[in-house]
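Observations on the model geometry
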Amino acid sequence: MRSEPTGYLSLVLHAHLPYVRHPEHEHFLEEDWLYEAITETYIPLLWVMERLCHDGIDYRLTMSLTPTLISMLKDDLLQQRYVRHIERLIELARLETERTRFEPTFQRLAHMYLHRFERARQTYVEQYGCDLVEGFRRQQDSGKLEIITCAATHGYLPNMLQRASVRAQISTGVQVYESALGRAPRGIWLPECGYNPGDEEVLKEFGIRYFFTDTHGIMFGSPRPKYGVYAPYYTRSGVAAFGRDTESSKSVWSAREGYPGDFYYRDFYRDVGFDLDYEYVSPYFNGAGDRHNLGIKYYRITGPTVHKEPYDSVAAISRAAEHAGNFMYNRQQQMSYLRGLMDRPPIVVAPYDAELFGHWWYEGPDWIDFLFRKMACDQKEVQLITPSEYLERYPKNQVMQPSMSSWGYKGYHEVWLEGSNDYIYRHLHKAVERMVEVAQEFPEASGVRERALNQMVRELLLAQSSDWAFILKTGTHTDYANGRVEQHIGRFNRLYSQVRDNAIDENALTEVESRDNLFPKADYRLYACAG
């Protein structure tokens, strides 16, 4: 056991993507979301963890892998398509080293991308056999990474009217975690950090020990929290709640003050997919051939101007090291102040979307690397810790009822329930009613009827993904989000009618099972208890 420091930092990365898999199309634009995240976030994060382990750095990191993300990372079709994707990027990067041969500044960057893509392919194919979940599992088995689970399809739990929906989302999430990682999850990331009082009873039912809320979920709790968000609290179910620290979050999240906006960092929006001649880059576009980002970017943010300076990777990495030092210093000062107010070392919980690191903030994984090394080697006041470890060290905590909350705009539910997306809920609520109805009517189904009922579960869970409501709110890819909701609800209703009429089209069922093929152990009986 390490000696007691002034305080603890728990860095939490939430890794999630909606389930996007379209075997009916050879190339599909939205599948790029996964491929980009693999290249730019998940593999670079594994590189960081591997380097830290190799160098004997005793780090701690908490990271969610959502069930949809695990399902896609383990899917044979998507694995094959990712290899095709990264090989196309390698081909484009090679062309770029030729095209920029008379521009040394840009050619150095082209070689940087070529090396990075080749290394990503080597890591993906040769080191992990196309299964990155295995890479994260190895890190968890080392004791330095704690992987937590999430709801099945990232369904926004506060907007679910029936407990059966919450149970199905949590149960499926736990089942996918156990199948992929060989152990039960200790913690959970509630989708969108959305907490609805009472849901902790479901978490307890499935063995979850802790979850997270946004700051006001703790601060507006009852009774008043003694230590603010700097200690966990037990709900009456015994499941612990950790609150997000605003100060450390702002250092990274704030568009105006956060580190990722530094002028020396790579500009996400200047990409060769838009900068170069269409005829030259169009062979590398997925989907219908519309321009989109390809992942090769030559410029730094520079400032609030359309003029952009070439990216300088050495200067950018230097800034990442400076920002890591600044973040650590601020935590030291924060812990020193808090420690004088508490009877134990405080814990600062700093959660971020994993895809911020590497995808949006190119230097983000290096920032984590620098931060963990500095914390291990340059000071003793602040230690990294996982929530599980903190609860083991400090098992006595105040009992309180957190308040309803989320980390969305204004802190509650309006991102996922407002004019652009509210129409979906009447369909979702009706589908849940029907799911409960047939689950209770056919408690012992077998054969093709059982298959149909289980596929109804998959379609319902997929329709409940919070991503569709979020996309409709933000106004990007709205046709796709609307289409996904309509498709899943449509398939659900057709299966419902066929089950009720005892007229199941087995060929059609087989086709739908092969298309929406996640959650092989889906069990409709979860809905038999309406709750």
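So, here is what we can say about the structure in this document. (Residues numbered from 1 in each chain as written. Predicted model: local features only at pLDDT ≥ 70, side-chain atom pairs only at ≥ 80, totals over all residues. Heavy atoms only, no water.)

**Points about helix H3 (residues 76-99)**
Taking 1.5 Å per residue, 24 residues should reach 34 Å; H3 reaches 35 Å between its end C-alpha atoms and fits that length. Its side-chain oxygen 3.1 Å from the backbone nitrogen of Leu77, Asp75 forms the N-cap of H3. (Helix = DSSP H or I, 4+ residues; strand = E, 2+ residues; numbered from the N terminus. Expected span 1.5 Å × (residues − 1). Polar contact = N/O pair within 3.5 Å; in protein donor to acceptor, adjacent residues only side chain to side chain.)

**Considering the state of the cysteines**
Two cysteines, two sulfur atoms, one covalent bond between them: this is a disulfide. If you walk through the whole model with that rule in mind, you get zero disulfides. Cys377 supplies the cysteine sulfur nearest to Cys53, a cysteine that is in no disulfide, at a spacing of 14 Å. (Disulfide = S-S within 2.5 Å.)

**Brief notes about the nonpolar core**
Counting residues in hydrophobic clusters, the biggest one holds 160 residues, and the most contacted among them are Met63, Phe136, Trp367, Met435 and Tyr527. The dominant element in this core, judged by the number of residues it contributes, is helix H1 (residues 32-54), at twelve residues. With residues near it in sequence (within four places) discarded, Met63 still touches Leu13, Ala15, Leu45, Met49, Phe136, Leu145, Glu146, Ile147, Ile148 and Ala354. Judged by nonpolar contacts, the second largest core, of 17 residues, contains Cys193, Ala240, Ile385 and Tyr394. (Core = buried A, V, L, I, M, F, W, Y, C linked by side-chain atoms within 4.5 Å. Buried < 20%, exposed > 50% of the residue type's maximum accessible area, 1.4 Å probe, protein only. Contact = heavy atoms within 4.5 Å.)

**A word on the sheet that holds strand S6 (residues 233-234)**
Pairing is mixed across the open sheet formed by three strands, whose spatial order is S5-S7-S6. The open sheet has two edge strands, strand S5 (210-213) and S6, and neither has a second partner. Pairing analysis gives four bridges linking S5 to strand S7 (residues 240-243), with the strands arranged parallel. Bridging across to S7, Phe211 finds its partner in Ala241. (Pairing = 2+ DSSP bridges.)

**Side note on the packing of helix H17 (residues 466-474) against helix H18 (residues 478-501)**
For the pair H17 and H18, the least separation of the axes is 9 Å and the interaxial angle reads 145 degrees. In terms of crossing hand, the pair formed by H17 and H18 is left-handed. Counted together, Trp468, Ile471 and Leu472 of H17 and Thr478, Tyr480, Ala481, Asn482, Arg484 and Val485 of H18 form the full contact between these two elements. Tallied by class, residues from the contact of H17 with H18 come to six nonpolar, two polar and one charged. (Axes fitted to C-alpha atoms, helices over the stretch in contact; angles between N-to-C directions. Left-handed = near helix turned anticlockwise from the far one by under 90°. Nonpolar A, V, L, I, M, F, W, Y, C, P; charged D, E, K, R; others polar.)

**Description of empty space enclosed by the protein**
Overall, the coordinates contain five cavities of 30 Å³ or more when judged by the stated rule. Here the largest cavity defines a volume of roughly 130 Å³. What lines the largest cavity is a set of 14 residues, among which Glu36, His85, Leu89, Asn293 and Leu294 lie closest to the centre. At the level of secondary structure, the elements contributing two or more residues to the lining of the largest cavity comprise H1 and H3. With five residues, H1 is the single largest residue contributor to the lining of the largest cavity. (1 Å grid on protein atoms, 1.4 Å probe; cavity = no way out; pocket = protein on both sides within 12 Å on 5 of 7 lines; lining within 4 Å. Points joined across faces, edges and corners; volume = space filled by probe spheres on them.)

**Focus on the side chain of Ser251**
Among the secondary structure elements, Ser251 is positioned in helix H9 (residues 246-253). Residue classification places Ser251 among the buried residues on the basis of a relative accessible area of 13%. Once you skip the residues sitting within four places of it in the chain, Ser251 turns out to touch Glu257, Gly258, Tyr259, Pro260, Phe327 and Arg331.

**Considerations on the pairing of strand S2 (residues 61-65)**
S2 sits mainly inside the fold: five of its five residues count as buried. The alternating pattern of S2 places Leu61, Met63 and Leu65 on one face and Thr62 and Ser64 on the opposite face, and all of these are buried. When strand S1 (residues 7-15) meets S2, the two strands line up parallel, connected through four bridges. What sits directly across from Val12, in S2, is Thr62. As a crossover connection, the stretch from S1 through H1 into S2 is right-handed. In this structure, S2 lies alongside strand S3 (residues 145-150), joined through four bridges in parallel fashion. (Right-handed = clockwise from strand over helix to strand, strands pointing away.)

**Here's the deal with the packing of helix H15 (residues 423-441) against H18**
The relative placement of two packed helices comes down to the angle between their axes together with the axis-to-axis distance. At a closest axis distance of 11 Å, the pairing of H15 and H18 adopts a crossing angle of 25 degrees. With respect to H18, the element H15 is oriented roughly parallel. As H15 packs across H18, the resulting crossing turns out to be left-handed. Residue-level inspection shows Tyr423, Ile424, His427, Leu428, Ala431, Arg434, Met435, Glu437, Val438 and Glu441 of H15 in contact with H18, the latter providing Asn482, Val485, Ile489, Phe492, Asn493, Tyr496 and Arg500. Taken together, the residues of the contact of H15 with H18 break down into ten nonpolar, three polar and four charged. (Parallel < 35°, antiparallel > 145°, perpendicular 65-115°, else oblique.)

**Digging into helix H13 (residues 364-377)**
Residues lying three or four places apart along an α-helix face the same way, a consequence of the helix completing one turn every 3.6 residues. Between its terminal C-alpha atoms H13 stretches 20 Å, which fits the 20 Å expected from 14 residues at 1.5 Å a residue. Taken together, the buried positions of H13 are occupied by Gly364, Pro365, Trp367, Ile368, Asp369, Leu371, Phe372 and Met375. Check the buried side of H13 and you find it contacts S1, H1, S2, H9, helix H12 (313-339) and strand S9 (382-384).

**Things to note about the environment of Asn286**
With respect to the helices, strands and loops of the structure, Asn286 is situated in the loop between helix H11 (278-281) and H12. Residue classification places Asn286 among the buried residues on the basis of a relative accessible area of 7%. Taking C-alpha positions, Asn286 is 23 Å from Leu518, a pair spaced 232 residues apart along the chain. Residues contacting Asn286, with those up to four places away along its chain left out, are His27, Phe28, Leu29, Asp32, Tyr35, Arg88 and His292. In terms of polar contacts, Asn286 uses its side chain to reach the side chain of His27, at 3.4 Å. Of the polar contacts made by the side chain of Asn286, one reaches the backbone nitrogen of Phe28; its length is 3.2 Å.

**Re the pattern of salt bridges**
Using the criterion set out here, one finds 42 salt bridges in the structure. Taking the shortest distance from any N to any O, the salt bridge between Glu26 and Arg84 comes out at 2.6 Å. Note that Glu26 is positioned in the loop between S1 and H1 and Arg84 in helix H3, a separation of 58 residues in sequence. For the salt bridge of Asp523 with Arg525, the shortest nitrogen-to-oxygen distance reads 3.1 Å. (Salt bridge = Lys/Arg side-chain N within 4 Å of Asp/Glu carboxyl O.)

**Considerations on the pairing of S1**
Where burial is concerned, most of S1 is hidden: nine out of the nine residues are buried. Along S1, one buried face is formed by Gly7, Leu9, Leu11, Leu13 and Ala15 and the opposite face, lined by Tyr8, Ser10, Val12 and His14, is buried too. Bridge analysis of S1 against strand S8 (residues 347-353) gives seven bridges, and the strand direction is parallel. Within S8, the residue paired with Leu11 across the bridge is Ala350.

Keep in mind these numbers describe shape, not what the thing actually does.
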